[in-house]
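Notes for the structure review
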Amino acid sequence: MAPTAKRLLVLSAASLALALLMTTAWLRLHGERAETRRPGAAPSGVPAPAARTDRYFCPMHPAMRSDRPGDCPICHMRMVPIEEEVAHESPAPSAAGPAGEKILYRSTMIPGEISDRPGKDSMGMEMVPVEMEEPSPQESPVEGHAVVRIPDRKQRLIGVATQIVGRAPFIRRIKTVGRVAVDETRLHHVHTKVAGWIETLYSPATGEYVRKGQTLLSLYSPELLASQEEYLVALRGRQALRDGAPPEAAERAQELLESARRRLLLFDLTEEQIRRLAASGEASRTVTLEAPMSGHVLLRNVTHGERIEANTTLIDIADLSRVWVVASVYEYELPFLRTGQPAVMSLSYLPGRIIRGRVGLVYPVLDAATRTVQVRLEFP
């Protein structure tokens, strides 16, 4: 190696050793100063950081707090502002609150698990602080119970309301949905007692209104025509035996007349029709059928010229001045129901109108599948 290279290597080694000695001395000097400084104090010449004030917390994890809005780092829910009622509290958890209050920590999953210091419950969930009012010395606290104070804003959010205890009638309202049905006691099926043919149909269409005594149809029936002839023969025989006839013969003629008259009545001829038959003295080929009651036509099952039998349903008429509403009520509501109770009904196509009625019947059968009972309500 050349002499010049040897001198450069010696100078480089000396410079490196000097730099290490200076660095060690500087670190030792500043380490001693740091040890003599008061713990927690800011270095000389550096301003102390401002005290942090937590203004937001996570509703699911109350221990997660922040001085600025953002998301919870655990559940990523939006952090909400701390209420004004507890804004004065220190962010650090403490076991004592304002005067007369004590802060305990309760498990959100196990309400009976309470602690006097923050932490996690037996399920690993963060415990929530709860402010507990300490009873005054004058009060006699109930053993095993504690007074809980809920801020006014929280009471409004959870719907808590208080009222002075007083005497008032106990009213239980049961809401249900029902279907409107025809009052079965006001429904009439129009039939004929004989077979025949519809000569003319006068009844209106389905849904229209008919009055009692209004002509519905005219019917031709050979059997009914023969019954009219029998009545006229019996009527003439009684008139012929009225003067100078033996009492037994006159009585027999009267019995035949009454028998023929009852036969016409059983065929649904009215008293007025029989009087007209006796006055005219001639049997009518067709007989008119009149409405037995006033109401709406729910069913018209015949047309002109159709042949009918004695069991054919011709027309259904219903009086809709009163209707039934059949509703379903759950079995646990049955103790509050009885016949005659007032009932009200509202209809979607009549908004704002209330129809008043009464409970007509509570059916004695329980549906095993839905655990409901049918209730019949009566409304005008």
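Please refer to the structure placed before this passage.
Throughout what follows, the structure given in this document is the object of discussion. Every value quoted in this text rests on a predicted model; they were computed, and no experiment measured them. (Residues numbered from 1 in each chain as written. Predicted model: local features only at pLDDT ≥ 70, side-chain atom pairs only at ≥ 80, totals over all residues. Heavy atoms only, no water.)

1. Some details on the sheet that holds strand 16 (residues 315–318)
A sheet is described by the order of its strands in space; here 4 strands give the open sequence 9-16-14-11, paired in antiparallel fashion. The sheet is open, and its two edges are formed by strand 9 (187–190) and strand 11 (209–210), each paired on a single side. Both strand 14 (residues 295–300) and strand 16 contribute to a ladder of 4 bridges, which runs antiparallel. Note on strand 16: the bridge partner recorded for His296 is Ala318. (Pairing = 2+ DSSP bridges. Helix = DSSP H or I, 4+ residues; strand = E, 2+ residues; numbered from the N terminus.)

2. Description of the pattern of salt bridges
Applying the stated criterion to the full structure yields 17 salt bridges. The partner of Glu199 in a salt bridge is Arg285, with the nearest N and O atoms 3.2 Å apart. Placement of the pair is Glu199 in strand 10 (residues 196–201) and Arg285 in the loop between helix 5 (271–280) and strand 13 (286–290), with a sequence separation of 86 residues. Of the charged contacts, one joins Glu255 and Arg252 as a salt bridge, the two residues approaching to 3.7 Å between their closest N and O atoms. Within this pair, Glu255 and its partner Arg252 are both found in helix 4 (residues 247–266), separated by 3 residues, close to a single helical turn. For Glu255, a relative accessible area of 41% gives the class partly exposed. (Salt bridge = Lys/Arg side-chain N within 4 Å of Asp/Glu carboxyl O. Buried < 20%, exposed > 50% of the residue type's maximum accessible area, 1.4 Å probe, protein only.)

3. A short note on the packing of aromatic side chains
What the rule picks out here adds up to 2 aromatic pairs. Here the aromatic rings of Tyr330 and Tyr332 are separated by 6.0 Å at their centres, their planes lie at 10°, and the arrangement is stacked. A cation sits over an aromatic face here: Arg172 above Phe336, 4.4 Å from the ring centre. The cationic tip of Arg376 hangs over the ring face of Trp324; the distance from NZ or CZ to the ring centre is 4.2 Å. (Phe/Tyr/Trp six-rings, centres within 6.5 Å; stacked < 30°, edge-to-face > 60°. Lys NZ or Arg CZ within 6 Å of the ring centre and 35° of its normal.)

4. Details of the side chain of Glu333
Tracing the backbone through its elements, the reader meets Glu333 in the loop between strand 17 (323–330) and strand 18 (342–347). Here Glu333 is buried and forms no salt bridge, its nearest opposite-charge partner Arg172 lying at an N-O distance of 4.7 Å. With residues up to four places along the chain from it excluded, the contact list for Glu333 reads Arg172 and Ile174. (Lys, Arg positive; Asp, Glu negative; His and termini not counted. Contact = heavy atoms within 4.5 Å.)

5. What to know about the packing of helix 3 (residues 222–240) against helix 4
Two elements in contact, helix 3 and helix 4, have axes whose closest approach is 8 Å; the angle formed by their N-to-C orientations is 155°. When the axis of helix 3 is compared with that of helix 4, the two are roughly antiparallel. The handedness of the crossing between helix 3 and helix 4 comes out as left-handed. Of the residues in helix 4, those touching helix 3 at Glu223, Ser227, Gln228, Glu230, Tyr231, Ala234, Leu235, Gly237 and Arg238 are Ala253, Gln254, Leu256, Leu257, Ala260, Arg261, Arg263 and Leu264. A breakdown of the residues in the contact of helix 3 with helix 4 according to their chemical character gives 8 nonpolar, 4 polar and 5 charged. (Axes fitted to C-alpha atoms, helices over the stretch in contact; angles between N-to-C directions. Parallel < 35°, antiparallel > 145°, perpendicular 65-115°, else oblique. Left-handed = near helix turned anticlockwise from the far one by under 90°. Nonpolar A, V, L, I, M, F, W, Y, C, P; charged D, E, K, R; others polar.)

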